[in-house]
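Reading the structure
Chain residues, written in single-letter form:
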Amino acid sequence: MTGPDDSPRPPAGASERRGGGIAARALAARGGPPARSVEAGYLTGLNPEQRQAVETTEGPVLVLAGAGTGKTRVLTTRIAHILASRLAYPSQILAVTFTNKAAREMKTRIGLFVGGEVEGMPWLGTFHSIGVKMLRRHAELVGLKSNFTILDTDDQIRLIKQLIQAEGLDDKRWPARAFAQMIDGWKNKGLTPKDIPEGDARAFANGKGRELYAAYQARLTSLNAADFGDLLMHPIAIFRAHPDVLADYHNRFRYILVDEYQDTNVAQYLWLRLLAQRSRRTGDDMEEPINVCCVGDDDQSIYGWRGAEVDNILRFERDFPGATVIRLERNYRSTAHILGAASHLIAHNEDRLGKTLFTDAGIDPEHEKVEVNAAWDSEEEARAVGEEIEQLQRKGAKLNDMAILVRASFQMREFEDRFVTLGLNYRVVGGPRFYERQEIRDALAYFRCVAQPADDLAFERIVNVPKRGLGDSTVRLLHDHARENGIPLMAAAADLATTEELKAKPRRTLDDLTRNFARWSSLLPTTKHTDLAEMILEESGYTEMWQNDRSAEAPGRLDNLKELIRSMDLYESLPGFLEHVALVMDAEQNVDLDAVSIMTLHSAKGLEFETVFLPGWEEGLFPHQRSLDEGGRSGLEEERRLAYVGITRAKRRAKLWFVSNRRIHGLWQSTIPSRFLDELPEDHVEVKEASNSYGGYGRGGMGGYGASRWDADAFSTTSYQTPGWRRAQAARAGQTAPDTAWGSRSGHKERSINYGESGASGPDVRRSSRDEEIAAKADRYARESEAKATGRPAEGPANGFAGRMERSGRNVYEPSSGNGRGSNRPPSRGLGFNAAARDGGPREIEGTLVAKSVATEESRFKVGDRVFHMKFGNGSVAAVEGNKLTIDFDRAGQKRVLEGFVQVV
DNA sequence: AACTGAAGCGTTTTT
DNA sequence: CGCTTCAGTT
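This is a predicted model, so every value here is computed, not measured. (Residues numbered from 1 in each chain as written. Chains lettered and ligands numbered in written order. Predicted model: local features only at pLDDT ≥ 70, side-chain atom pairs only at ≥ 80, totals over all residues. Heavy atoms only, no water.)

With that settled, consider the overall build of chain A. Counting secondary structure elements, chain A contains 37 helices and 23 strands. Looking at chain A alone, contacts between residues at least 24 apart form 76% of all its contacts between residues at least 6 apart. Counting only carbon and sulfur atoms, one obtains 51% of the accessible surface of chain A, whose full area is about 38,300 Å². (Helix = DSSP H or I, 4+ residues; strand = E, 2+ residues; numbered from the N terminus. Contact = heavy atoms within 4.5 Å. Areas by Shrake-Rupley, 256 points an atom, 1.4 Å probe, with all protein chains shown as cover.)

Spatially, the six strands line up as an open sheet ordered 3-2-6-9-1-10, and their pairing is parallel. What marks the edges here is a single partner per strand, and that holds for strand 3 (124-126) and strand 10 (324-328). Neighbour-to-neighbour, the strand axes of the sheet open up by a mean angle of 15 degrees, direction not taken into account. Sheet topology note: the strand 6 (residues 255-258)/strand 9 (residues 291-296) ladder contains four bridges and is parallel. Residue pairing for strand 9: Ile256 is matched across the bridge by Val292. (Pairing = 2+ DSSP bridges. Axes fitted to C-alpha atoms, helices over the stretch in contact; angles between N-to-C directions.)

Turning next to the nonpolar core. Soluble, globular proteins show a tendency: their nonpolar side chains are buried together. Of all hydrophobic cores here, the largest spans 47 residues; its most connected members are Leu94, Met134, Phe148, Ile256, Trp271 and Leu275. Examining the composition of this core, we find that eight residues originate from one element, helix 13 (residues 266-276), more than from any other. The residues touching Leu275, leaving out its near neighbours within four places in the chain, are Leu94, Met134, Phe239, Leu246, Tyr249, His250, Phe253, Ile256 and Ile290. (Core = buried A, V, L, I, M, F, W, Y, C linked by side-chain atoms within 4.5 Å. Buried < 20%, exposed > 50% of the residue type's maximum accessible area, 1.4 Å probe, protein only.)

Moving on: the pattern of salt bridges. Per the stated rule, a full pass over the model turns up 47 salt bridges. Taking the shortest distance from any N to any O, the salt bridge between Glu608 and Lys651 comes out at 3.4 Å. On the criterion of sequence distance, the pair formed by Glu608 in the loop between helix 28 (601-604) and strand 15 (609-614) and Lys651 in strand 16 (residues 650-664) is long-range, its members being 43 residues apart. Judged by relative accessible area, which is 39%, Glu608 ranks as partly exposed. (Salt bridge = Lys/Arg side-chain N within 4 Å of Asp/Glu carboxyl O.)

According to the domain assignment, chain A contains domain 1 (42-139 + 234-330), domain 2 (149-223), domain 3 (347-432 + 589-688), domain 4 (437-570) and domain 5 (865-904). Distance from the C-alpha centre of domain 1 to the C-alpha centre of domain 3: 32 Å. Between domain 1 and domain 3, the contact holds 25 residues from the first and 19 residues from the second. Roughly 2,000 Å² of surface becomes buried between domain 1 and domain 3 when both sides are summed, with 52% attributable to carbon and sulfur atoms. For domain 1, the biggest contributors to the area lost against domain 3 are Asp299, Ile302 and Glu329; these three give 33% of the whole. On the surface where domain 1 and domain 3 come into contact, there are three salt bridges. A salt bridge links Lys605 to Glu260; the shortest N-O distance between them is 3.6 Å. Summed over the shared surface of domain 1 and domain 3, the number is 12 residue pairs in polar contact (both at pLDDT 80 or more). Among the elements of the structure, strand 1 (61-65), helix 14 (311-314) and strand 10 are those that each provide at least two residues to the side of domain 1 that touches domain 3. Here the side of domain 1 that touches domain 3 is composed, by residue class, of 10 nonpolar, six polar and nine charged. (Domains from an automatic or database assignment. Buried area = accessible area lost by both parts, 1.4 Å probe. Polar contact = N/O pair within 3.5 Å; in protein donor to acceptor, adjacent residues only side chain to side chain. Nonpolar A, V, L, I, M, F, W, Y, C, P; charged D, E, K, R; others polar.)

Summing up the model confidence of chain A, the mean pLDDT is 74 and the portion of residues at 70 or higher is 70%. Within the model, pLDDT remains below 50 along residues 1-38, and this stretch shows 61 contacts once partners closer than five positions in the same chain are excluded. Every residue in residues 691-858 is under pLDDT 50, and counting partners more than four places away or in other chains gives 282 contacts. (pLDDT = per-residue confidence, 0-100.)

Mapped onto the elements, Gly541 comes out in the loop between helix 24 (529-539) and helix 25 (542-547). Accessibility expressed as a relative area gives 12% for Gly541, which makes it buried. Between the alpha carbons of Gly541 and Arg468 there is a distance of 9.7 Å; along the sequence they are 73 residues apart.

With respect to the secondary-structure elements, Leu169 resides in the loop between helix 7 (153-166) and helix 8 (176-188). Once the C-alpha coordinates of Leu169 and Ala205 are considered, the two residues, 36 residues apart in sequence, prove to be 7.1 Å apart. Aside from chain neighbours lying at most four places away, what touches Leu169 is Ile164, Trp174, Ala205 and Asn206.

Here we come to helix 11 (residues 230-241). Helix length check: helix 11, at 12 residues, gives a terminal C-alpha distance of 16 Å against a target of 16 Å (1.5 Å per residue), a fit within 8%. Among the 12 residues in helix 11, nine count as buried, and that is most of the element. What helix 11 keeps buried is the set Asp230, Leu231, Leu232, Met233, His234, Pro235, Ile236, Ile238 and Phe239. (Expected span 1.5 Å × (residues − 1).)

Here it is as structure tokens:
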């Protein structure tokens, strides 16, 4: 099975053809003049270390690249250099990244060097996408066909659940999800069923862990399917069992580059080592090493929990003897304050190779120190951050240059709520993924059934979606029949439609359904895939199902389906598209819109922003209690690296926050500032007065308005030696684990979020009680797409309503403010935090806010107006509050929306 | 087969 | 606290 890209076999070596030969390359490796006579333009502007990393093309190279030291630039320039020096064909370079984003960026940037010919780099991609590519070429060696399907987590869990039940085990006591995660963990470590430790095997399913794992693998094979982990496991198995295949790759790849090496797990490491560690046999029978270059930063290793082994990077020199190690320590991103703070923090870690970042930019009095801010609770934190953002915006800053980086995704909500209220554009990066939405998965399941009628899991998913009266009992019959005859469910369905086994009604339905699928499949070769896709959704009744759905999300889902079909246009065929979807679970974001980014610290790695807000620096949350409990010291160190990553995302401003009260599991807990705050150097840090809504404006040297938790001297000095701080420290010292909610759970069973879907057999789709929120977000999406369509920014900066709305809510928590979730406030303020409330707060702030309110126009809507909304259709206005309208929609029910999104009919 | 209420469950990070 | 899942009911 040869793939489409049978690139030219490497001849005796591309360079030899140019008369360069190994010697010439070795010369270049010693830093001598490059093979080209003219100094290549792409080399200018590199510092000496970067340049060395680019030009040391021969032999193993490890580049330890600190944050902001131009890692991506080195990587891409190195590839460009290899290509420009004709050391290898594009197809002879294997370049592996971790994320699709990184792969995309590399492609783009290499394209800039090479002049757009990115297609010529067939082996640049993520571990997984390259894994699939290899697996498709040799699938039969592990008992698969080359058109195998890739399971998503959902399919995986359903399948495991079936197996658990088949074993006669209690699927409540042994949850499928937990086992899916165990399997994942094993595969991350490169362990097949027979390799797993006895203890692990016993830990699940009354000691049947190993059997279950084996059964799962067998089932995958019979389904002609692979899960994510298999995309690496199978190639490893193939390489080991078939030296000829491996030799072929050895022969093919002249250069191997790996990005983010500190994040590789054992399986990836094994895969890589198989490919890179042997010598390559050249035509004239000489041994020539494959040139491997790994780039990484041990200080940014934050995926240990997922099986990443920092050891891989520490072990590099042993794995590849004679390796050149290059350190990139010159930081081009951040100010000296930010760098100083981050470096000082990370120096508290023991397990590191040790790098010292420096910058040429000296300490500039204009540069802001890293800020530490306090807030009473998370709501106030969000409010204050929102105000800071608006302030920056007023000074001309762009929202695109700001980001809020949180430890855990539940923190995002507060900010989203707040920004919706403010009318501040935001974008959640890495949130619920497009392809994980229910309607998208359903649609994809239809497509999979058409492209591959043997895809049982897809079939199962949609037999009764929309409801056709094919319930559990019918499906069970199908299963039995399929099993007895060793045929796929689709075929079984076709069979049963012709026999007497079923009652007339389901038989009829089944007959219709299978005929439809047969017809769609037959159209596959002749019909344009986007048209076919549309036809499938239309004729299956799937579109209609959502059209008839009166819930708030339905219109959005229909939009998503349209978007799905639109995006298919970029791909050549249905199978091609399905492959893309399986591997690339994220959808590109709309970058045209000026918006604040909200994301987790993990997904922020590799990005940079002028201003970074880092909320939630509290013990238990950050560092996360669970990391502490499960990971001990190394867990703490990983958290610290996460903090380091967070701070180093900032170019000019890093603003840290902690709150005194946070709601966890619906309960208010009082919290303690993160130990990481203590670990910051005073020189580069400014501790701010509680920057809540009543104290937040009068910053810096201002006299201070009354005692506060931080006390007056906290204003003028940037010291931690304040009573409040000491109190917090004392509290922490006395009580390590903050509280029950975080502490006591013995760690097992983690859950990922399931987006409101019941399983395959549970067709009743219930209304989520998050309708309101989703509706609010729907507004945002509407705005985004509108902005996209009209080509102009959706709306200017936040209008002046922010202040007014906060008015009454500022010092006192008002039970019914916001969206009806006003109950259950934290206890009344203590700790002298109320200082500003005593005298009503600083005057000029009041002034500002009042001015803001006055400047606002009267709403152009009034109660009773008939209006139209892009998502919710027609309705009548039930209430007006500022720019927010409560509208009774004819179809979608009552919603609160911003007036910008509706128009008078 | 589909709907409903009620109980119980988990609440970090994701290719 | 909010959400998912289950079990019992129609």
